[in-house]
Amino acid sequence: MTALYVRGGRPLRGRIDPSANKNAVLPVLCATLLTDAPITLRNVPEITDVTRIHDFFRELGSTVHWDKAAKVLEIDHSTISPGARATLPQAMRASIMMIPGLLARLGEARLENEVKGCTLGAREIDPHVAVFKAFGAEVSNEGKNIVFRKKDRGEGTRMWLEYASVTTTENFIISALTANGTSQIVNAACEPHVQEMCAFLEAMGARIKGKGTSMVSVEGGVELHGADYTFVEDFHEVATFLALAAVTGGDISVRNSQPENFMLIDRTFEKFGAEVEHKDGWSRLQAPEQLVVQANFTSHLITKVEAAPWPYIPADLLPIFIALGVKAKGQTMFWNKVYEGGLTWHTELSLFGAHTLLCDPHRLITFGGDRLVPATVTSPYIIRVAIALLMVAASIEGESTILDADPIRRAHPNFVPNIDSLGVNVEWGA
């Protein structure tokens, strides 16, 4: 059990260079299996899942050099033997995105029966299995493993997803590049990290049309070459540090090269009386004297924050806005349309003295503005929830403890040093 000790109550101030988005870094790493040419990746965060993939590549026979201080990862898969075999990393949902590359190289991939990840709710792999079968793979259960086999390149196909799943979309795109002909996916996910994976693939020579939309076409059979690619800032982390300014009454600027992704995020901050300014590659939030939930023009309806697949507010950002809802004077309904397990942690907020009401597994109301007190709380294995609990603790004078806070390290290796530099005293404990 890993604990975070937070001594809060001070307005946070300063400037932050955020890390790259793990949800972009992981699929890009998986996609490097599509070429034997050398790949150089820059601004690579030192996080648990990157370490797992790095170790897997070395086990597979790849030549990998990771300069962690410089955040540069160099990969050469040309040294993989045709008869290589390796066990996919466990406890990591991104493992499933290595299957297309392994099928193209080795004709076989094995995956443990239950791919893990955050405890947000049921996350089936059936859509992925449908993708692999559509491109000619055979899928079977053998003991504790799901085994994927493929004898040839397969042909291009067209799929219409039931749900705009990020990893299913990414698996379709990677698989399509290994097949003959043109493939198309309808109801594709279009999150910024999906677009970034496509940008990396295009840097390798891939021909992709429609990235950032719900209909994406991919030309298969194109030989991919090497690339030198630099990851952009994680928009989740940018928004999180802006929210820290709002919740603590501070003033924080965060480097942000893609403010075009923030129009709806900015409007969501405005619902609590906070405004974001984008200028010269930086995003800044100067907190108002008090956060106040802004009333709707339709006065008999409660103010809502709805989370769903992009271009909605991402479900991953909902917890940080719940933290604002707890601090802001007024009532707010938060609606998680994605995960049925994404709001159960609200009971931890009551330990701080917050007043919340869970309407059903997908909807939560905060009654904000009450006096909050330090507390010891326990985080579920959800990255952004651990951060939201830290945010609330940072806004309260005195020492709070967040138990099981380790999920933060999965996505944000420098988060604690960064927040410490802004003026709150945070320490990892046993």
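Looking at an unreviewed UniProt entry, the chain carries the name UDP-N-acetylglucosamine 1-carboxyvinyltransferase, with the source organism given as Alteraurantiacibacter lauratis. UniProt annotates the chain under Pathway (unreviewed entry) with the comment "Cell wall biogenesis; peptidoglycan biosynthesis." Reading the Subcellular location (unreviewed entry) entry of the UniProt record for the chain gives the comment "Cytoplasm".

Take the pairing of strand β10 (residues 182-186) next. The element β10 is largely enclosed, with a buried count of 4 among its 5 residues. Relative to strand β12 (residues 215-219), β10 is paired through 5 bridges, and the arrangement is antiparallel. From the neighbouring strand, Q184 faces β12, where its bridge partner is S217.

Core analysis: the largest hydrophobic core is formed by 74 residues, its most contacted members being F269 and L324. Among the elements that line this core, the one with the most residues is helix α11 (residues 383-394), at 11 residues. Once residues lying within four places of it in the same chain are set aside, the contact partners of L324 are A243, A246, V247, F269, F272, L291 and M391. Counting residues in each nonpolar core, the second largest holds 67 residues, with V44, V64, I99 and F231 among its members.

This part takes up the sheet that holds strand β23 (residues 425-429). An order of β21-β22-β1-β23 is seen for the 4 strands of this open sheet, with the pairing classed as mixed. Since the sheet does not close on itself, it has two edges, and those belong to β21 (376-378) and β23, each with one partner. Here the average twist between neighbouring strands, direction ignored, is 20 degrees. Of the strand pairs in this sheet, β21 and strand β22 (residues 398-403) are connected by 3 bridges, and their pairing is parallel. Looking across to β22, one finds that T376 is bridged to T401. Against the sheet, α11 contacts β1 (3-8), β21 and β22, and its axis sits at roughly 30 degrees relative to β1.

Every second residue of strand β13 (residues 227-230) is oriented toward a common face, the buried set being A227 and Y229 and the non-buried set D228 and T230. In this sheet, β13 lies alongside strand β3 (residues 39-42) in parallel orientation, the contact comprising 4 bridges. Within β13, the position partnered with R42 by the bridge is T230.

Taken together, the 4 strands give an open sheet; going across it, the order is β4-β5-β3-β13, and neighbouring strands pair in mixed fashion. Edge positions in the sheet fall to β4 (63-67) and β13, since each has one partner strand and no second. Direction aside, the axes of adjacent strands within the sheet are offset by 10 degrees on average. Against the sheet, helix α6 (residues 192-203) engages β3 and β13, with an angle of about 155 degrees to β13.

What follows deals with unusual backbone geometry. Where the residue is not glycine, phi is negative for most of them; where a peptide bond is considered, it is trans in most cases. The amide bond that connects W310 to the next residue, P311, takes the cis arrangement and shows omega of 20 degrees. Relative to the elements of secondary structure, P311 occurs in the loop between β17 (303-307) and α9 (318-327). Phi at D280 is positive, roughly 55 degrees, even though this residue is not glycine. Mapped onto the elements of the fold, D280 is located in the loop between β15 (276-279) and β16 (282-286).

When the terminal C-alpha atoms of α6 are compared, their 16 Å separation across 12 residues agrees well with the 16 Å that a helix rising 1.5 Å per residue should span. Restricting attention to buried positions, one finds in α6 the residues P192, H193, V194, E196, M197, C198, F200 and L201. The secondary structure elements touched by the buried residues of α6 are α1 (22-31), β3, α5 (166-178), β11 (207-209), β13 and α7 (235-248). Positive phi appears at G205, one or two residues downstream of α6, with a value of about 110 degrees.

Since one α-helical turn is 3.6 residues long, residues separated by three or four positions face the same way. Along helix α4 (residues 126-134), the residues that are buried comprise H128, V129, V131 and F132. Summarising the axial view, the buried residues of α4 lie within an arc of 160 degrees, below the 170-degree limit, and thus occupy one face. Counted as exposed and oriented over 90 degrees from the buried face of α4: D126 and K133.

Turning our eyes to something else, we now look at the packing of aromatic side chains. Pairs of aromatic rings are described using the distance from one ring centre to the other and the angle between the two planes. Going through the model one piece at a time under the given rule, you end up with 10 aromatic pairs. Plain terms: the ring middles of F272 and F321 are 6.4 Å apart, the flat faces sit at 10 degrees to each other, and that makes the pair stacked. With F272 in the loop between α8 (263-270) and β15 and F321 in helix α9, this pair connects stretches of sequence that are 49 residues apart. Assigned by exposure class, F272 and F321 land together as buried. Grouping aromatic residues by their ring pairs yields a cluster made of F269, F272, F321 and F334. The aromatic ring of W66 is capped on one face by K68, whose charged end is 4.9 Å from the ring centroid.

Orientation of α5 relative to α6, taken along the N-to-C sense of each, is 15 degrees, at an axis distance of 10 Å. Comparing the axis directions of α5 and α6 gives the class roughly parallel. Here α5 and α6 pass one another in a crossing that is right-handed. In this structure, α5 uses V166, T169, E170, I173, I174 and L177 to contact α6, whose residues at the interface are H193, V194, M197, C198 and L201. Partitioned by chemical class, the residues of the contact of α5 with α6 number 8 nonpolar, 2 polar and 1 charged.

Counted by the stated rule, this structure contains 17 salt bridges. With its nearest N and O atoms 3.7 Å apart, the salt bridge here joins K68 to E46. Separated by 22 residues along the polypeptide, K68 in the loop between β4 and β5 (72-76) and E46 in the loop between β3 and α2 (48-60) bring together distant segments of the chain. Given a relative accessible area of 41%, K68 falls into the partly exposed group. Between R52 and D49 there is a salt bridge, with the nearest N and O atoms lying 2.9 Å from each other. Of this pair, R52 and D49 are both found in helix α2, 3 residues apart, which corresponds to roughly one turn of the helix. By relative accessible area, which is 26% here, R52 ends up partly exposed. Take D49: its relative accessible area is 1%, and that puts it in the buried class. Because the salt bridges share partners, they merge into one network encompassing E108, R110, E142 and R149.

Calculation notes
- Residues numbered from 1 in each chain as written.
- Predicted model: local features only at pLDDT ≥ 70, side-chain atom pairs only at ≥ 80, totals over all residues.
- Heavy atoms only, no water.
- UniProt positions renumbered as here; feature names shortened; annotations may be inferred.
- Buried < 20%, exposed > 50% of the residue type's maximum accessible area, 1.4 Å probe, protein only.
- Helix = DSSP H or I, 4+ residues; strand = E, 2+ residues; numbered from the N terminus.
- Pairing = 2+ DSSP bridges.
- Core = buried A, V, L, I, M, F, W, Y, C linked by side-chain atoms within 4.5 Å.
- Contact = heavy atoms within 4.5 Å.
- Axes fitted to C-alpha atoms, helices over the stretch in contact; angles between N-to-C directions.
- Expected span 1.5 Å × (residues − 1).
- Arc of directions from axis to C-beta.
- Phe/Tyr/Trp six-rings, centres within 6.5 Å; stacked < 30°, edge-to-face > 60°.
- Lys NZ or Arg CZ within 6 Å of the ring centre and 35° of its normal.
- Parallel < 35°, antiparallel > 145°, perpendicular 65-115°, else oblique.
- Left-handed = near helix turned anticlockwise from the far one by under 90°.
- Nonpolar A, V, L, I, M, F, W, Y, C, P; charged D, E, K, R; others polar.
- Salt bridge = Lys/Arg side-chain N within 4 Å of Asp/Glu carboxyl O.

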